[in-house]
Amino acid sequence: MYPYRDGLTALSGSPVKAAVAGLSETDRALLDTVDHVVDLGCGNGAPAAALVPVLPTTCRWLLVEKDEGQLVAARSRLRSMTSQRVDGVCADLTRLPFERLPSGPGLILISHVLYYLPGWQDVLSWLVQKARSSGSALVVVMRSRQSASYQLRACIRTAQGGSEDGMLTAESVQSWLKSHDVPYSAVASAAAVSYDLTGIRMDDPDMVPRACDRHASLYSMLSLLCHTDPAGLDPGPAAALTNVIRRMVHRNRLDLLLDDLILVVSPSSREVPCRTLT
Ligand SMILES: C[S@@+](CC[C@H](N)C(=O)[O-])C[C@H]1O[C@@H](n2cnc3c(N)ncnc32)[C@H](O)[C@@H]1O
């Protein structure tokens with residue numbers, strides 16, 4: 001079973017809505033001509049579902065996911081929202097080329113997936129080329145270096161003897177796009193989830209499990225942001241994680257910053273200053 005499933009339901013599709021809101025006028029006009037969406041690593045389908053109301057009602061959908069359970073959930077979610085064709089393909093995105101992309105101008109969405117693909121540069125390069133040759137827009141959603149996710153992953157990684165170098169963030173993808181002369185637009189979308197920890201002592205070595213006992217969604221949220229099961233860590237990384245989480249608590253509230261960057265490569269994209277949507 002994919003370990004991040006519960007966390008996914010805790011998140012909304014808002015980064016995708018932010019991406020649409022942040023598109024330039026020309027890009028927004030392009031949305032009116034989109035006749036299909038390909039959602040790569042669609043998870044439970046929440047980001048694709050957020051797009052349904054803003055795209056033409058004639059739009060067809062192709063959902064790609066390696067986890068069959070997630071794919072089934074995503075497909076039924078989309079089918080309940082549109083009478084158009086919704087196809088689902090269970091596939092591993094590390095196996096390129098992925099031959100099932102429809103032709104013609106569409107929207108290719110890859111939201112919070114590149115971290116899991118060791119050869120992400122090859123995947124991105126292939127997607128950019130596919131978007132260009134078909135006149136499609138490519139929307140990449142990633143957590144930024146400022147996010148709680150980065151801090152949590154970095155502390156686990158260093159406590160395990162690794163380094164922060166090579167940890168994939170939205171900024172890594174931006175650098176790659178710049179160094180490959182791929183124009184893009186960037187939109188920042190900041191949100192936070194907050195948990196009340198009143199009465200939980202910060203010096204309690206079990207403060208994280210206690211906080212998770214109190215808030216049903218916190219454990220799955222931490223699993224999602226850490227990219228691993230926080231309960232399955234060795235003592236050293238577990239202690240490092242607890243320390244970082246303690247530092248995120250202010251006035252008895254644990255605030256986890258979900259700081260996304262949405263990078264849009266489209267036929268009309270040009271580099272524009274990044275602006276924050278609230
Ligand atoms: C963090 S979730 C993001 C889900 C969704 N796109 C969203 O933004 O809410 C990552 C998703 O990528 C999928 N995934 C990870 N590696 C994959 C691969 N190699 N091929 C296909 N899907 C993959 C996972 O199964 C999971 O559903």
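Residues numbered from 1 in each chain as written. Predicted model: local features only at pLDDT ≥ 70, side-chain atom pairs only at ≥ 80, totals over all residues. Heavy atoms only, no water.

Considering the site of the ligand
Part 1 of the argument: In the region of the ligand, 18 residues are neighbours, and Gly41, Glu65, Asp92, Leu93 and Ser111 sit closest.
Part 2 of the argument: Gly41 is positioned such that a nitrogen or oxygen atom in its backbone is 2.7 Å from a nitrogen atom of the ligand.
Part 3 of the argument: Lys66 places a main-chain nitrogen or oxygen 3.4 Å from a nitrogen atom of the ligand.
Part 4 of the argument: Considered on its own, the ligand offers 590 Å² of accessible surface; in the complex 96% of this is hidden by protein.
Part 5 of the argument: When its residues are assigned to classes, the shell around the ligand shows nine nonpolar, six polar and three charged. (Near = heavy atom within 4 Å. Polar contact = N/O pair within 3.5 Å; in protein donor to acceptor, adjacent residues only side chain to side chain. Areas by Shrake-Rupley, 256 points an atom, 1.4 Å probe, with all protein chains shown as cover. Nonpolar A, V, L, I, M, F, W, Y, C, P; charged D, E, K, R; others polar.)

Observations concerning the nonpolar core
Most often, soluble globular proteins keep nonpolar side chains buried together rather than apart.
Part 1 of the argument: Counting 37 residues, the largest nonpolar core has Leu114, Leu124, Leu138, Val140, Val173 and Leu177 as the members making the most contacts within it.
Part 2 of the argument: Of all the elements in the fold, those that place two or more residues in this core are strand 1 (36-40), strand 2 (60-65), strand 4 (107-111), helix 6 (120-134), strand 5 (137-143), helix 8 (170-179), strand 6 (185-196) and strand 8 (253-265).
Part 3 of the argument: Of all the elements, helix 6 adds the most residues to this core, at seven residues.
Part 4 of the argument: Every residue in contact with Val140, bar those within four places of it in the chain, is listed here: Ile110, Leu114, Leu124, Val173, Leu261, Ile262 and Leu263.
Part 5 of the argument: Residues Met207, Cys226, Leu241 and Leu256 belong to the second largest nonpolar core, which totals 26 residues. (Core = buried A, V, L, I, M, F, W, Y, C linked by side-chain atoms within 4.5 Å. Buried < 20%, exposed > 50% of the residue type's maximum accessible area, 1.4 Å probe, protein only. Helix = DSSP H or I, 4+ residues; strand = E, 2+ residues; numbered from the N terminus. Contact = heavy atoms within 4.5 Å.)

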